[in-house]
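The residues making up each chain are set out below.
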Amino acid sequence: MKTQHMYASIIRSAIILLLFSAMAFAQEDKKTINDTLVYKQKYGLRLGADISKLGRTYFDDSYTGFEIMGDYRLSKQIYIAGELGNEEKTLETDYLNNTTKGSYFKGGIDINFYKNWLDMENMIFAGIRVGASTFSQTLNNFTVYNVYNQYWDEQYSITEGQEFTGLTALWTEFQIGLKTELFNNFYAGINLQLKILISDKEINNYENLYIPGYNRTYDSSAFGGGYGFNLSYLVPIFKKDKVVIQEKEVEE
């Protein structure tokens, strides 16, 4: 009996030893391999136009305008960006009719927060601009009410066509938006704008009702807003390698 128990114990020990050996052998056969994938990222000048202003020109008889935009990629996330445009807007209220026309320029940077897959070049960005505008205002006509007559609603419409030139404005602008590649190097984008007026040159007793590039002004408020929808084309100048390392385990 003692001999049988001894043989059984030896067999169990041998089986356990074989199992541990097999597990160790299996682990030794596994090896981690790094696959290195290299993609080309495009760096260049992207040029386009604000389609919303062209559409507004077509549908709104009181507005005419265009804007061209561009950006240049400095690094993986940072772009130099700017806009250049011209606008003419006629505002009509119960008291006056006024036409503003002029040009503007905005310059600043955009930061891309979107992590692209592989060789994609899409953007979800936030940006800042400094904007400047030169423009003129024409007071086409205005209405004067007779404040001395309490019983009759007397009013007089006066047509002058008086033009005020040499007007300027300066503002800062914050943008958020996105740009997505529709076809090779062809992009569509949309953005929202928050504007803060820094300074503007006015005529005495007559405020600037509209500022090209800044849009409508509202009494004494320094805040304004806007939006844009653009189509653009990227002109690649050079490319940089984007290295992606993938780890995986294989059995030899």
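The preceding data block contains the structure.
Residues numbered from 1 in each chain as written. Predicted model: local features only at pLDDT ≥ 70, side-chain atom pairs only at ≥ 80, totals over all residues. Heavy atoms only, no water.

Per the secondary structure count, the protein chain includes two helices and ten strands. For the protein chain, the N- to C-terminal ordering of α and β elements is α-β-α-β-β-β-β-β-β-β-β-β. The 252 residues of the protein chain split such that 33% are buried. Of the contacts made within the protein chain by residues no fewer than 6 positions apart, 67% connect residues no fewer than 24 positions apart. Summed over all atoms, the accessible surface of the protein chain reaches about 16300 Å², with 61% contributed by carbon and sulfur. (Helix = DSSP H or I, 4+ residues; strand = E, 2+ residues; numbered from the N terminus. Buried < 20%, exposed > 50% of the residue type's maximum accessible area, 1.4 Å probe, protein only. Contact = heavy atoms within 4.5 Å. Areas by Shrake-Rupley, 256 points an atom, 1.4 Å probe, with all protein chains shown as cover.)

Attention now goes to the pattern of salt bridges. In the structure shown here, the tally under the stated rule is nine salt bridges. Lys-106 serves as the salt-bridge partner of Glu-173, at 2.9 Å between the closest nitrogen and oxygen. In this pair, Glu-173 is assigned in strand 6 (residues 155–183) and Lys-106 in strand 4 (residues 96–112), connecting sequence segments 67 residues apart. Considered together, Glu-173 and Lys-106 belong to a single accessibility category, that of buried residues. Note that Lys-195 is salt-bridged to Glu-173, the shortest N-O span being 2.6 Å. Here Glu-173 lies in strand 6 and Lys-195 lies in strand 7 (residues 186–200), a separation of 22 residues in the sequence. You'll find Lys-195 and Glu-173 in the same group, each marked buried. Bridged by salt links that share partners, the residues Arg-46, Asp-71 and Lys-179 form one connected network. (Salt bridge = Lys/Arg side-chain N within 4 Å of Asp/Glu carboxyl O.)

With that out of the way, let us pick up the packing of aromatic side chains. The tally for this structure, following the rule as stated, stands at four aromatic pairs. Here the aromatic rings of Tyr-43 and Phe-238 are separated by 5.3 Å at their centres, their planes lie at 15°, and the arrangement is stacked. Taken together, the residues Tyr-43 in strand 1 (residues 30–50) and Phe-238 in strand 10 (residues 223–251) connect sequence positions 195 residues apart. We classify Tyr-43 as buried; its relative accessible area is 3%. By relative accessible area, which is 32% here, Phe-238 ends up partly exposed. (Phe/Tyr/Trp six-rings, centres within 6.5 Å; stacked < 30°, edge-to-face > 60°.)

As for its position among the elements, Gly-107 is in strand 4. For Gly-107, a relative accessible area of 23% gives the class partly exposed. For the pair formed by Gly-107 and Ile-128, sequence separation is 21 residues and the distance between their alpha carbons is 8.1 Å.

Here Gly-65 lies in strand 2 (residues 63–73). Residue Gly-65 is classed as buried on the basis of its relative accessible area, which comes to 7%. Excluding residues that lie within four positions of it along the chain, Gly-65 makes contacts with Lys-53, Leu-54, Thr-57, Asn-86 and Glu-87.

A negative phi angle is the norm for most residues apart from glycine, just as the trans form is the norm for most peptide bonds. Look at Asn-185: it is not a glycine, yet its phi comes out positive at around 70°. Tracing the backbone shows Asn-185 in the loop between strand 6 and strand 7. With relative accessibility at 7%, the residue Asn-185 sits in the buried group. Although it is not a glycine, Asn-215 adopts a positive phi angle of roughly 85°. Structurally, Asn-215 can be placed in strand 9 (residues 215–216).

Quick look at the side chain of Asp-50 now. Along the polypeptide, Asp-50 turns up in strand 1. Nearest to the buried, unbridged Asp-50 among oppositely charged side chains is Lys-53, at 4.7 Å. Looking at Asp-50, its side chain comes within polar contact range of the main-chain nitrogen of Phe-229, at 3.3 Å. (Lys, Arg positive; Asp, Glu negative; His and termini not counted. Polar contact = N/O pair within 3.5 Å; in protein donor to acceptor, adjacent residues only side chain to side chain.)

Attention shifts here to the environment of Lys-89. Relative to the assigned elements, Lys-89 resides in strand 3 (residues 78–92). Spatially, the C-alpha atom of Lys-89 lies 6.4 Å from that of Lys-101, the residues being twelve residues apart in sequence. Once residues lying within four places of it in the same chain are set aside, the contact partners of Lys-89 are Arg-56, Asp-60, Ser-62, Tyr-63, Asn-98, Thr-99, Thr-100 and Tyr-210. At a separation of 3.1 Å, a polar atom in the side chain of Lys-89 contacts the side chain of Ser-62.

Now for the side chain of Arg-73. If you trace the backbone, Arg-73 turns up in strand 2. A distance of 3.1 Å separates the side chain of Arg-73 from the backbone oxygen of Ser-75, its partner in a polar contact. Here the side chain of Arg-73 touches Glu-121 through a polar contact of 2.9 Å, side chain to side chain. With residues near it in sequence (within four places) discarded, Arg-73 still touches Gln-41, Lys-42, Tyr-43, Gly-44, Ile-78, Tyr-79 and Glu-121.

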